[in-house]
Amino acid sequence: MASELEPEVQAIDRSLLECSAEEIAGKWLQATDLTRELYQHLAHYVPKIYCRGPNPFPQKEDMLAQHVLLGPMEWYLCGEDPAFGFPKLEQANKPSHLCGRVFKVGEPTYSCRDCAVDPTCVLCMECFLGSIHRDHRYRMTTSGGGGFCDCGDTEAWKEGPYCQKHELNTSEIEEEEDPLVHLSEDVIARTYNIFAIMFRYAVEILTWEKESELPEDLAMVEKSDTYYCMLFNDEVHTYEQVIYTLQKAVNCTQKEAIGFATTVDRDGRRSVRYGDFQYCEQAKSVIVRNTSRQTKPLKVQVMHSSIVAHQNFGLKLLSWLGSIIGYSDGLRRILCQVGLQEGPDGENSSLVDRLMLSDSKLWKGARSVYHQLFMSSLLMDLKYKKLFAVRFAKNYERLQSDYVTDDHDREFSVADLSVQIFTVPSLARMLITEENLMSIIIKTFMDHLRHRDAQGRFQFERYTALQAFKFRRVQSLILDLKYVLISKPTEWSEELRQKFLEGFDAFLELLKCMQGMDPITRQVGQHIEMEPEWEAAFTLQMKLTHVISMMLDWCASDEKVLIEAYKKCLAVLMQCHGGYTDGEQPITLSICGHSVETIRYCVSQEKVSIHLPVSRLLAGLHVLLSKSEVAYKFPELLPLSELSPPMLIEHPLRCLVLCAQVHAGMWRRNGFSLVNQIYYYHNVKCRREMFDKDVVMLQTGVSMMDPNHFLMIMLSRFELYQIFSTPDYGKRFSSEITHKDVVQQNNTLIEEMLYLIIMLVGERFSPGVGQVNATDEIKREIIHQLSIKPMAHSELVKSLPEDENKETGMESVIEAVAHFKKPGLTGRGMYELKPECAKEFNLYFYHFSRAEQSKAEEAQRKLKRQNREDTALPPPVLPPFCPLFASLVNILQSDVMLCIMGTILQWAVEHNGYAWSESMLQRVLHLIGMALQEEKQHLENVTEEHVVTFTFTQKISKPGEAPKNSPSILAMLETLQNAPYLEVHKDMIRWILKTFNAVKKMRESSPTSPVAETEGTIMEETSRDKDKAERKRKAEIARLRREKIMAQMSEMQRHFIDENKELFQQTLELDASTSAVLDNSPVASDMTLTALGPAQTQVPEQRQFVTCILCQEEQEVKVESRAMVLAAFVQRSTVLSKNRSKFIQDPEKYDPLFMHPDLSCGTHTSSCGHIMHAHCWQS
């Protein structure tokens, strides 16, 4: 077969080889209608060169195309032999100061962490090695293909924009010099002609949609009857499916099918059969039938060979244009003009627009070729880059919609060019002001998420696979928004302000749809049946985290914008929760003579949502008002008087109460979806714009309202109001036989509430809340991470939040707070906390998880014991609040707070009468310590004319009012100092009393009194008693442990008696002597004895309670209860066999429970012993 074909191929070659490029070019130069001449030439020769058989011959095709098609164009363009013409053009051209090297897949790229404007600014290896950045901190990655080197782009680098190679080209740069001055007019005219015709031809043929006929001006005189069955790539079908289908459809070997599938995946399409129409149509129908069962079928077209030939040449032509413009900036400029010139059809008729808008219809290979051409032409010419950016922004909505419905990866979509345009600061600003780009991006994003609930919030609940796929693709729009915002403006024009605020309005609309989404209600009675969808909402929140931070940064850079943004955000929050009462009935709360009106709302009964982005954005803006001092400069421009603090705090408080209740085990039946949500809420990836901002919003509310009112509302939301507002409620509560779980839950809730108060007063390390800067914040994070244990660099970086540039800021401060301990022969280098930083340790640091907190406490106490110091972990000295938050400290000396502290200390003093916990007491001691530290600082910093209004020491010295006559807090602390059951907390109580005396002395004496001396004396005495105290303490701890075990045993006995009253009633009726004998009898317990005879008594059955491991529900084992099961593994066993050679004849009918006398084999059943409800196991 091959030998028959060869002469024909050679004959074709001969007729083609006789063509002379010079002659053809000469003919074109004389032509009056050049377009017609060129098209006729292409119509005649392209089908003779390309697509001559079932398999392509790329080398031969390229050689012939260069000789017959491209060669004449090069002659025409140069007006002489291109071997001389192009070097002349290159010589006349000034070398570019831009590198512009387009990266291949897997090629290494380098970004400077010190000088890059954002992480997308990268250098190729050659430029990097010749730049100043090789000595800086840099990041090395591998390219996914498609980007290009930013060397020479002054907007991409803070310093060192040029490498040594490209710096040589900058000396002669004149502002906006027209590159066409280096070309003669003849060359310009000829280039313009050839580029215009060829670019139009390539665009026309690549976007041609008919399968069997060519455009009129390319039609052939004699049309052959040869077709291709063309298979196109998609991202739905797997390699295996395609290979299997091809083997059936075109009857090829597996190896050939693998070759076809690989080419389809790489280039986007491949012909799998060559012949007449019927022959190809048959293969097409088999492929479609085989791949349309589960999903949409593979895309297959039967295309005429001449169309495929022209399309292949069209791609070759685009690559050729890309290489030609490399010779001269003038040629590049002409191609850009041709590409962006409006066609006769007006809007979107330029060649560039036509290609972009057909992007999703083109196959992978065609996309890659024209994207590369755009990069080497439009994006390398600064003038046309701007014009292209405008076209891109105008078509943005359509391009993104095409991308979302298309199934190819982002790197094969023209939408991916956004990273090249939006990250250029000047272009981004221009597009915001002239094209309103921010609003366009956000509105396009919103248009794709149409699934809303009755309140207009996003609803991801019952997403179909298609909607989930679409949602994943839509997220790339958030990335575009991030690119636009990544560099902050230094100067604001009026237009930029106006358009940014329009974009901010659109952004608030987006956040409004997220405010309160995915609400949850506590499951009572039975476990949730289906885990609700929660990941989509959190994915959206994570993607938006950096965007929200950048929005805040933009607002911070201009006072007018900040004021307007604050007003807008507040207005939207009012719309979301204007009637924040949501129809609940109003109630009045009163404690200690203070009363406040609020609403009846129970987090454990009503709907509650963890998503509150509008509230959190307002919290961020409020902090900026304080940080930038706008709140003090222009108070008349701000609506601070209109703010309703109870409304501001309501939803963030509900969210924090939800976390507390989850921790208390009240939401167990809501399954893992809620556990995961709480985890991410606190996680380092989300917390900056979730948990942290909720704490700030509560701080904002407290600083604007009476702290007593706040605490009462807080007690009500935590569902603890009854306990603290009713005298002796705690005693009644614990004396009534209350369910043990409820007591435990309430204890945990009290602990969580106290922890929250510690956070509100102590977390003032955000610039704007406290008088600190950003480095103080990061230092504190590092100190607390290293307080847990020494950490390696990578481990430490993971625990710190990253900004939009993937930086944590760790390197700038780590030297100040830690020593680096070099690795030994094996192991890793570790950072260890400097000893002088230990005093800044706060046991209740708000970013600690429960496990981290206990590890840190253990590590710090151990360290103190090693240094022979008190094991107390007192609260650290805190920086002062900013004026806007200054009134927050009054929460510590408010009447309701003193009442809460007094009540808990009272429980601890009368420790047997109440249900209380040691960690509750520990938190109260910490709060008292914080208040004393605060008062001490106030006294140290007081000036002549000011009076210190913080009088905590006086308030804790006063006993309670007449009816109760409870002792003062101070008196109770002194009592507790000697309590044997509080050994662990003695050091802390001692520290509090010592600090109290120091503060008291400061108050009594004048500012010059020697406070330090008194402290010194106390310190000396303490060290003298050290050894004695240590011995005594150890003996005391041992005694306490014994007491505790005995107390537990008596508690268990009491509990057993309560549960088995009937049994004990009957036992009492027995004769005392008999019972004494029984008691002393070592033989057996009551349970094993059964009385017989006429007067026999019924032996009570022991009640058995078990917990289902799946739903965690406790249940008594009874006949009428729900069935409980154990998972078991049943297998044959020959362990005790006497006849192992026996073979069971009919195993299907053999009863495994029947044991044959010869013991040939038995049944062995094993179980893990975990008990489950039968229905839980089945579901």
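Residues numbered from 1 in each chain as written. Predicted model: local features only at pLDDT ≥ 70, side-chain atom pairs only at ≥ 80, totals over all residues. Heavy atoms only, no water.

Caption draft 1: Quick peek at the pattern of salt bridges. Across all of its chains, the model carries 49 salt bridges by this definition. A salt bridge links glutamate 781 to arginine 687; the shortest N-O distance between them is 3.4 Å. Within this pair, whereas glutamate 781 is found in helix α35 (residues 774–788), its partner arginine 687 is found in the loop between α29 (671–682) and α30 (691–703), the two being separated by 94 residues in sequence. Among the residues examined, glutamate 781 registers a relative accessible area of 6% and is labelled buried. Note that glutamate 832 and lysine 821 form a salt bridge whose closest N and O atoms lie 3.7 Å from each other. Residue glutamate 832 is found in strand β9 (residues 830–833), and its partner lysine 821 is found in strand β8 (residues 818–821); the two are separated by 11 residues along the sequence. Where salt bridges share partners, they join Arg113, Asp114, Arg137, Arg139, Glu807 and Glu811 into one cluster. (Salt bridge = Lys/Arg side-chain N within 4 Å of Asp/Glu carboxyl O. Helix = DSSP H or I, 4+ residues; strand = E, 2+ residues; numbered from the N terminus. Buried < 20%, exposed > 50% of the residue type's maximum accessible area, 1.4 Å probe, protein only.)

Caption draft 2: Structural view of the nonpolar core. Counting 290 residues, the largest nonpolar core has Phe195, Phe388 and Leu621 as the members making the most contacts within it. Excluding anything up to four places from it in sequence, phenylalanine 195 contacts Leu77, Arg200, Leu321, Ile324, Ile325, Leu331, Ile334, Leu335 and Val338. With 21 residues, the next largest nonpolar core counts Phe260, Ala261, Val272 and Leu298 among its residues. (Core = buried A, V, L, I, M, F, W, Y, C linked by side-chain atoms within 4.5 Å. Contact = heavy atoms within 4.5 Å.)

Caption draft 3: The arrangement of the environment of leucine 754 in detail. Position of leucine 754 among the secondary structure elements: in helix α34 (residues 740–762). Overall, the relative accessible area of 0% leaves leucine 754 in the buried class. On a C-alpha basis, the gap between leucine 754 and serine 919 in space is 10.0 Å, while along the polypeptide they are 165 residues apart. Residues within four places of leucine 754 in sequence aside, it is in contact with Met897, Ile900, Ile904, Met920, Arg923, Val924 and Leu927.

Caption draft 4: Examining the packing of helix α19 (residues 425–435) against helix α20 (residues 437–448) more closely. Packing of α19 against α20 brings their axes to within 6 Å, and their N-to-C directions diverge by 80 degrees. When the axes of α19 and α20 are compared, the pair comes out roughly perpendicular. Within the contact between the two elements, α19 uses Leu431, Ile432 and Glu435 and α20 uses Leu437, Met438 and Ile440. Looking at the contact of α19 with α20, its residues break down into 5 nonpolar, no polar and 1 charged. (Axes fitted to C-alpha atoms, helices over the stretch in contact; angles between N-to-C directions. Parallel < 35°, antiparallel > 145°, perpendicular 65-115°, else oblique. Nonpolar A, V, L, I, M, F, W, Y, C, P; charged D, E, K, R; others polar.)

Caption draft 5: Quick peek at the packing of aromatic side chains. Enumeration according to the criterion identifies 35 aromatic pairs in this entry. A ring pair is formed by phenylalanine 538 and tyrosine 680, whose centres lie 6.1 Å apart and whose planes are at 45 degrees; its orientation type is tilted. In this pair, phenylalanine 538 is assigned in helix α24 (residues 535–556) and tyrosine 680 in helix α29, connecting sequence segments 142 residues apart. A relative accessible area of 2% means that phenylalanine 538 is categorised as buried. Arranged with centres 6.4 Å apart and planes meeting at 45 degrees, the rings of phenylalanine 841 and phenylalanine 848 form a pair that is tilted. For the pair phenylalanine 841 and phenylalanine 848, a shared accessibility class is recorded, and that class is buried. Here a set of aromatic residues connected by ring pairs shows up, and it is made of Tyr370, Phe374, Phe388, Phe392, Tyr396 and Phe422. In this arrangement the basic side chain of arginine 269 is found over the ring face of tryptophan 363, its NZ or CZ atom lying 3.7 Å from the centre. A cation sits over an aromatic face here: arginine 654 above tyrosine 601, 3.6 Å from the ring centre. (Phe/Tyr/Trp six-rings, centres within 6.5 Å; stacked < 30°, edge-to-face > 60°. Lys NZ or Arg CZ within 6 Å of the ring centre and 35° of its normal.)

Caption draft 6: Geometry of the sheet that holds strand β5 (residues 300–304). Within the open sheet, the 3 strands sit side by side as β4-β3-β5. Their pairing is antiparallel. Looking along the sheet, the strands with just one partner apiece sit at the ends: β4 (269–275) and β5. On average, each strand axis in the sheet is inclined to that of its neighbour by 30 degrees, with strand direction left out of account. In the sheet, strand β3 (residues 227–232) pairs with β4 via 6 bridges, with the strands oriented antiparallel. Note that in β4 the partner of leucine 231 across the bridge is arginine 270. Packing of helix α9 (residues 239–250) onto the sheet brings it into contact with β3 and β4, and relative to β4 it is tilted by some 10 degrees. Contacting β3, β4 and β5, helix α12 (residues 305–324) runs over the sheet at an angle of about 95 degrees to β5. (Pairing = 2+ DSSP bridges.)

Caption draft 7: Summary view of a nonpolar patch on the surface. The grouping of Ile1109, Leu1110 and Trp1177 at the surface amounts to a nonpolar patch, some 320 Å² of accessible area in total. By secondary structure assignment, the location of isoleucine 1109 is in the loop between β10 (1105–1107) and β11 (1114–1116). (Patch = residues over 30% accessible without salt bridge, like charges linked within 9 Å, V, L, I, M, F, W, Y side chains within 5 Å. Areas by Shrake-Rupley, 256 points an atom, 1.4 Å probe, with all protein chains shown as cover.)

Caption draft 8: Representation of helix α10 (residues 254–267) in the model. Its 14 residues place the ends of α10 20 Å apart at the C-alpha level, agreeing with the 20 Å of an ideal helix rising 1.5 Å per residue. Those residues of α10 hidden inside the fold are in contact with β3, α9 and β4. Directly beyond the C-terminal end of α10, a positive phi value near 95 degrees is found at glycine 268. (Expected span 1.5 Å × (residues − 1).)

Caption draft 9: Structural view of unusual backbone geometry. Unusually for a residue other than glycine, cysteine 592 sits at a positive phi of about 55 degrees. Within the secondary structure, cysteine 592 sits in the loop between β6 (586–591) and β7 (594–599). Even without glycine at this site, glutamate 629 takes up a positive phi of about 65 degrees. Within the fold, glutamate 629 resides in the loop between α26 (613–627) and α27 (630–633).

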